[in-house]
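Take a look at the letters that make up each chain.
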Amino acid sequence: MLNGYIINKYDLELIVTARAGMQLHGIQAENILEVFKKINALGFSTWQSFGDNVRNIVTDVFEGLSSSSEIEVYPLMEEMQAIILKNPRYVGMLPRRLSIGITGNRVNVNSFFANDLAFLLAKKENQFGFNVYMGGKNVEMAQSAGIFLLPHEVIEFYKAFLESFYKHGSRSSRSCTRLFYLIKRVGMDVWRKLIEDELHLYASYKAYSYALILNLICSFNFYQHFLKSLSKLNLS
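A quick note: this is a predicted structure, and the numbers were derived from the prediction, not measured. (Residues numbered from 1 in each chain as written. Predicted model: local features only at pLDDT ≥ 70, side-chain atom pairs only at ≥ 80, totals over all residues. Heavy atoms only, no water.)

### A short note on the overall build of the chain
For step 1, the next point in the chain: The secondary structure content of the chain amounts to six helices and six strands.
For step 2, the next point in the chain: Seen in sequence order, the chain has helices and strands lined up from the N terminus as α-β-β-α-α-β-β-β-β-α-α-α.
For step 3, the next point in the chain: Looking at the 236 residues of the chain, the share that counts as buried comes to 38%.
For step 4, the next point in the chain: Contacts in the chain between residues at least 24 apart in sequence constitute 59% of all its contacts with a sequence separation of at least 6.
For step 5, the next point in the chain: For the chain, the computed accessible surface area is about 14,300 Å², with 57% contributed by carbon and sulfur atoms. (Helix = DSSP H or I, 4+ residues; strand = E, 2+ residues; numbered from the N terminus. Buried < 20%, exposed > 50% of the residue type's maximum accessible area, 1.4 Å probe, protein only. Contact = heavy atoms within 4.5 Å. Areas by Shrake-Rupley, 256 points an atom, 1.4 Å probe, with all protein chains shown as cover.)

Structural data, given as structure tokens:
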């Protein structure tokens, strides 16, 4: 736990946010670095907890424990977190903050529809996966994007979603830079197409990378074979 010792030693106030983030109030300037080091040593991150970042990714409080749980989502959350954490492209550089939620439970006990992006348990053709909802915020419900994803498809969609918002989100007046306003301006169909285009770019890049690696391996194998052939020649 975020440790009573730290709070008491530095006379701090702890506030837990709606997204299970933890705020420490009352840190003196001369203690900031020391406190951050102690927090990080406990396994907590002080990165990207405020500002125009992906905020703490949330799930169901009974994730993986409830009889209604169909998909274990914590590994997906860890992977999503690893993609953005300390990533220079996204550290405070998004058009506006993003709230993201995911649940593999049949029962909704969280306010997932208030997220910019929500992956909610669904079933299609007898397979469990996630329906995608986008554009939620405090006073607006996220809309269905008409997208169903299997668990193994979530991460690449998440990457494409982030990159699309980074490229196309508004950076004008902060009162209208949330994803909700982008979808309101261009429509869900256009927004979905932008994400799909990003997915295709990513797939093309992966295919090119694999082809390049394969060519390098083939070239290396040919070079080894050539050297072996030379070594067998009697050039004396």
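Having put the structure on the table, let's press on.
### A short note on helix α5 (residues 179-186)
For step 1, the next point in the chain: All of the buried residues along α5 are L179, F180, L182 and I183. Mapping the buried residues of α5 onto a view down its axis gives an arc of 165°, with all of them on the same face. Every exposed residue of α5 that faces more than 90 degrees away from the buried side is listed here: K184 and R185.
For step 2, the next point in the chain: One or two residues past the end of α5 sits G187, with phi positive at roughly 95°. (Arc of directions from axis to C-beta.)

### Re the packing of aromatic side chains
For step 1, the next point in the chain: This structure, assessed with the given rule, holds six aromatic pairs.
For step 2, the next point in the chain: Ring geometry for Y90 against Y166: centres 5.9 Å apart, planes inclined by 80°, an arrangement best described as edge-to-face. Placement of the pair is Y90 in the loop between α3 (74-84) and β3 (100-103) and Y166 in helix α4 (residues 154-168), with a sequence separation of 76 residues. Like Y166, Y90 is buried.
For step 3, the next point in the chain: Considering the side-chain rings of F119 and F130, the 6.5 Å spacing of their centres and the 75° angle between planes classify their relative orientation as edge-to-face. Separated by 11 residues along the polypeptide, F119 in strand β4 (residues 117-124) and F130 in strand β5 (residues 127-134) bring together distant segments of the chain. For the pair formed by F119 and F130, the shared burial category is buried.
For step 4, the next point in the chain: In textbook terms, an aromatic cluster arises when at least three aromatic residues are bridged by ring pairs, as seen for F119, F130 and F157.
For step 5, the next point in the chain: The cationic tip of K137 hangs over the ring face of F180; the distance from NZ or CZ to the ring centre is 5.4 Å.
For step 6, the next point in the chain: Taking the ring centre of Y166 as reference, the NZ or CZ of R171 above it sits at 5.1 Å. (Phe/Tyr/Trp six-rings, centres within 6.5 Å; stacked < 30°, edge-to-face > 60°. Lys NZ or Arg CZ within 6 Å of the ring centre and 35° of its normal.)

### Some points on the layout of surface pockets
For step 1, the next point in the chain: One number sums up the size of the largest pocket: a volume of about 1,500 Å³.
For step 2, the next point in the chain: If you trace the largest pocket, you find 43 residues lining it, with A20, G21, M22, S49 and N56 closest to the centre.
For step 3, the next point in the chain: Mapped by element, the contributors of at least two residues to the lining of the largest pocket are β2 (22-25), α2 (32-41) and α3.
For step 4, the next point in the chain: The greatest single-element share of the lining of the largest pocket, amounting to five residues, is contributed by α3.
For step 5, the next point in the chain: Along the lines of polarity and charge, the residues of the lining of the largest pocket split into 20 nonpolar, 16 polar and seven charged. (1 Å grid on protein atoms, 1.4 Å probe; cavity = no way out; pocket = protein on both sides within 12 Å on 5 of 7 lines; lining within 4 Å. Points joined across faces, edges and corners; volume = space filled by probe spheres on them. Nonpolar A, V, L, I, M, F, W, Y, C, P; charged D, E, K, R; others polar.)

### Describing the nonpolar core
For step 1, the next point in the chain: Membership of the largest hydrophobic core comes to 38 residues, with the highest contact counts inside it found for F119, M134, F157, Y158, F161 and W191.
For step 2, the next point in the chain: Counting residues per element, the ones that place at least two in this core are α3, β3, β4, β5, β6 (143-149), α4, α5 and α6 (188-232).
For step 3, the next point in the chain: Looking at this core, the element that brings in the most residues is α4, giving nine residues.
For step 4, the next point in the chain: Listed in part, the seven residues of the second largest apolar core include I6, I7, L12 and I39. (Core = buried A, V, L, I, M, F, W, Y, C linked by side-chain atoms within 4.5 Å.)

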